[in-house]
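Commentary on secondary and tertiary structure
Listed below are the residues making up each chain.
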Amino acid sequence: MTDTTPSPLIAPEPPPIRNAEFKAALLLALMVALLLGAVLYLMYARGAFEATQTLLLQADDSEGVVVGMDVTFAGFPVGRVRRIELAEDGKARIVVDVPRKDAHWLRTTSIFTLERGLVGGARLRAYSGIPTDPPLADGAVRVLLVGDAGAEIPRLLAAAKELLQNLSNLTAENSALEASLRNVKGMTDKINGPSGAMGLLAGDDQQARQLVERANKLLVTVDALALKADSLVGNADRRVFGKDGMMTDAQATVVQLNALLADARASLKKMDAVLVEAQAVGANARVATADLGTLRAEVESSLRRVEQLVNEINRKWPFKRDTEIKLP
């Protein structure tokens, strides 16, 4: 008989059920670790572990704003909406997390807007006009300016409705435009009629014919006046510019006047010579007058000397009574 007792040196194999449970537990732990790593990576990628500061934006309503929406500056995200809540004053409060590394783009004078277009979602944007202003503090509260293109649609529809109503009233059957068109049509018919524009001015055909007849008579009269004026101009031309006309006499008069002017010019030359001689005589008279002044001064000097001599004789000859001196 064969001995089937197992040898004490060979270990018995574990049951196959325990190996499967161990492998399943190991795979489950690996999946959990991968899931936790993915979650941590997503949180890191979304800035969950990044240092941030809080910005509070207040608006009348938060329509179009969702949690996780970016706040952009010059097209780049500088913040993310973390929470949307209702404030005590009944306005919407939007809590935004701004990373510390991007907070320097926001200043105390920055403006925040919510733009709602007809196509696409809403957009939160920040504008900093003066980059040298103080930086925005942590927990600052700012008013969110809302620009909604869809809000203008009702007003545009009301304006379009009013415009269509005015257009309908303008083109109605008894409107002023329809009456004006009828009047224009009547004027066009009269102009195209047998009387033409004269019928339009006169009002009816009879008065138009009378006006035409008067106009014809006036044209005949004007033609006669033109003929008379032509004859008058011809006579004037013959009298003025003819052979024995006024222009011929005027030319003869001009010739005589030129001769008289020549005589006057010769007389003036002779008078000029006489004046030159008179000036020479006057110059000689001035020289003689100057000599007479010198002679007079010499005579006066001699008289003064004689007077002094007489006075000296009277002083030395006191017995002489008659002090008169007679000059030769």
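The written sequence of each chain sets the order in which its residues are numbered from 1. Residues qualify for local features only when their pLDDT is at least 70, as the model is predicted, and side-chain atom pairs are given and counted only at 80 or more; totals for whole chains, interfaces and linings, by contrast, use all residues. The side-chain figures draw on all heavy atoms in the structure; neither hydrogens nor water molecules are used.

Focus: the packing of aromatic side chains
Basically, it comes down to this: Working definition: a ring pair exists when centres of Phe, Tyr or Trp rings (six-membered ring for Trp) sit within 6.5 Å. Plane angles under 30 degrees give stacked, over 60 give edge-to-face, the rest tilted. Numbering of helices and strands runs from the N terminus; a helix is a DSSP stretch of H or I covering at least four residues, while a strand is a stretch of E covering at least two. Throughout this description, buried means an accessible area under 20% of the type-specific maximum (1.4 Å probe, protein chains only), exposed means over 50%, and partly exposed covers the range between.
Summed over all chains, the structure comprises one aromatic pair. With a centroid separation of 5.6 Å and an interplanar angle of 25°, the aromatic rings of Phe73 and Trp105 are classed as stacked. Within this pair, whereas Phe73 is found in strand β2 (residues 70-73), its partner Trp105 is found in the loop between β4 (92-99) and β5 (111-116), the two being separated by 32 residues in sequence. For Phe73, a relative accessible area of 17% gives the class buried.

With respect to the environment of Arg142
Quick reminder of the rule: Any two residues whose heavy atoms approach within 4.5 Å at even a single point are treated as in contact. Within 3.5 Å is the distance limit for a polar contact, defined as a pair of N or O atoms, with the added protein rule that one can donate a hydrogen and the other accept it, and that residues adjacent in sequence qualify only through two side-chain atoms.
Mapped onto the secondary structure, Arg142 falls in strand β7 (residues 140-148). On the basis of relative accessible area, Arg142 is assigned to the partly exposed category, the value being 23%. Aside from chain neighbours lying at most four places away, what touches Arg142 is Leu55, Leu56, Leu57, Gln58, Thr108, Phe112 and Leu136. Engagement of the side chain of Arg142 in a polar contact is seen with the backbone oxygen of Thr108, the distance being 3.4 Å.

Examining the confidence of the model for the protein chain
This is how it is decided: Here pLDDT means the predictor's own confidence in every residue, given as a number from 0 to 100.
Scored by pLDDT, the protein chain has a mean of 76; 74% of the residues are at 70 or more. When pLDDT is averaged over each element of the protein chain, β2 comes out on top at 91 and helix α4 (residues 197-202) at the bottom at 60.

Details of the nonpolar core
Worth spelling out the cut-off: To qualify as a nonpolar core, a set must consist of buried Ala, Val, Leu, Ile, Met, Phe, Trp, Tyr and Cys residues joined through side-chain atoms within 4.5 Å.
One finds Leu55, Val96, Phe112, Leu124 and Leu144 to be the most contacted residues of the largest nonpolar core, which totals 22 residues. When near neighbours in sequence (up to four residues on either side) are disregarded, Leu55 contacts Ile94, Val95, Val96, Val98, Leu106, Phe112, Leu136, Ala140 and Arg142.

Thoughts on the pattern of salt bridges
Rules: Here a salt bridge means any side-chain nitrogen of Lys or Arg lying within 4 Å of a carboxyl oxygen belonging to Asp or Glu.
In total, this model carries nine salt bridges according to the counting rule given. Salt-bridge contacts for Arg80 lead to Asp70; the nearest nitrogen and oxygen are separated by 3.6 Å. Placement of the pair is Arg80 in strand β3 (residues 76-86) and Asp70 in strand β2, with a sequence separation of 10 residues. Relative accessible area serves as the criterion here: at 31%, Asp70 is assigned to the partly exposed category. As a salt-bridge pair, Lys101 and Asp102 come within 3.2 Å of each other at their nearest N and O atoms. When its relative accessible area of 53% is taken as the criterion, Lys101 is described as exposed. Linked by salt bridges that have partners in common, Arg83, Glu85 and Arg93 make up one network.

What about a nonpolar patch on the surface?
Put simply, the test is: Residues qualify for a patch when their relative accessible area is over 30% and they have no salt bridge, like charges being joined within 9 Å and the nonpolar side chains of Val, Leu, Ile, Met, Phe, Trp and Tyr within 5 Å. Every accessible area reported is derived by Shrake-Rupley at a probe size of 1.4 Å, with residue values counting cover from the shown protein chains alone.
A grouping of Leu164, Leu167, Leu170, Leu177 and Leu181 is seen on the molecular surface, where their side chains present a nonpolar patch of about 480 Å² in accessible area. The set of elements that each furnish at least two residues to the nonpolar patch consists of α2 (152-170) and α3 (176-192). Here the nonpolar patch takes three residues from α2, the largest share from any one element. When you line up the elements, Leu167 lands in helix α2.

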